[in-house]
Amino acid sequence: TPVGGSVPFSSITDDGQIAGIIGPFNSGTAVYEIPPTNKANIALISPANTIDCLTDSAFANKDGFARSTKTFGTGTFFRLATVDSIRAEVLANYFWKLNPKSTIVIYNDATNFGKSFGNRFSESWQKKTGVKPMPIKLSNDPQQDLEDLAVNPTVILYAGTGSKGIELHRAMQQLPQFAHTSFAAAATIMSGGFTTHINPET
């Protein structure tokens, strides 16, 4: 895996003087860095990775990492952030307390993080209500995605990162049928433009 687009990751893991690495920031990169750091017995400490399968191999098959199951859940990877299963359960409990009859639609951005958080929330909501909302991949036309919905949801949850969450929220604002629909997102803090989008005066 290239680091900075120029140096092979093995040039780090093969260096006998390296005892630990701080990072990576995103879960998708961790998927590729964990096997070589485990093999080299180098500690990999992430401040931000949240997908469960990185430290619990039971989730690997659920999220499409079956081939890497042996490298997850054990070894030298450590995280500082709370895993998706716990974060999603807390969010599901919050929505349920607000309205146990809420209709929730989940969009994801097809990233490892987006798929993982969307799946964990879906499972948590099913445990609370018996209803399992299936995550939908957000296309490049979020307004059309919203217009294609067969239901008028109480909550739209964006499980993903980056600017697509902003685009989805803007599309909701332009469609009158979503005037009373709440918008929630798992990682809008990662998009520097989201705060400005919500409050342009800041």
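For the structure, check the block above.
This structure is a prediction, so every number in the text was calculated from the model and none was measured.

Side note on the pattern of salt bridges
Any two side chains of opposite charge can pair, given that their charged atoms come close.
Thinking step 1. Taken as a whole and assessed by the stated rule, the structure comprises two salt bridges.
Thinking step 2. Here Arg87 and Asp84 are joined by a salt bridge, their closest N and O atoms 2.8 Å apart. Pair noted here: Arg87 and Asp84 are both in helix α3 (residues 84–98), with a separation of three residues, about one helical turn.
Thinking step 3. For Arg87, a relative accessible area of 24% translates into the label partly exposed.
Thinking step 4. You can call Asp84 buried: its relative accessible area is 0%.

A closer look at unusual backbone geometry
Thinking step 1. Note that the residue after Gly23, namely Pro24, is joined by a cis bond; omega there is 0°.
Thinking step 2. For Pro24, the location among the structural elements is in the loop between β3 (20–22) and α2 (27–40).
Thinking step 3. Backbone geometry at Asn41 places phi at a positive 60°, although glycine is not the residue there.
Thinking step 4. If you trace the backbone, Asn41 turns up in the loop between α2 and β4 (43–46).
Thinking step 5. Asn41 gets classed as exposed once you look at its relative accessible area, which sits at 61%.
Thinking step 6. Phi is positive for Ala110, close to 70°, though the residue is something other than glycine.
Thinking step 7. Along the chain, Ala110 falls in the loop between β6 (104–108) and α4 (112–129).

Quick notes on the rules
Residues numbered from 1 in each chain as written. Predicted model: local features only at pLDDT ≥ 70, side-chain atom pairs only at ≥ 80, totals over all residues. Heavy atoms only, no water. Salt bridge = Lys/Arg side-chain N within 4 Å of Asp/Glu carboxyl O. Helix = DSSP H or I, 4+ residues; strand = E, 2+ residues; numbered from the N terminus. Buried < 20%, exposed > 50% of the residue type's maximum accessible area, 1.4 Å probe, protein only.

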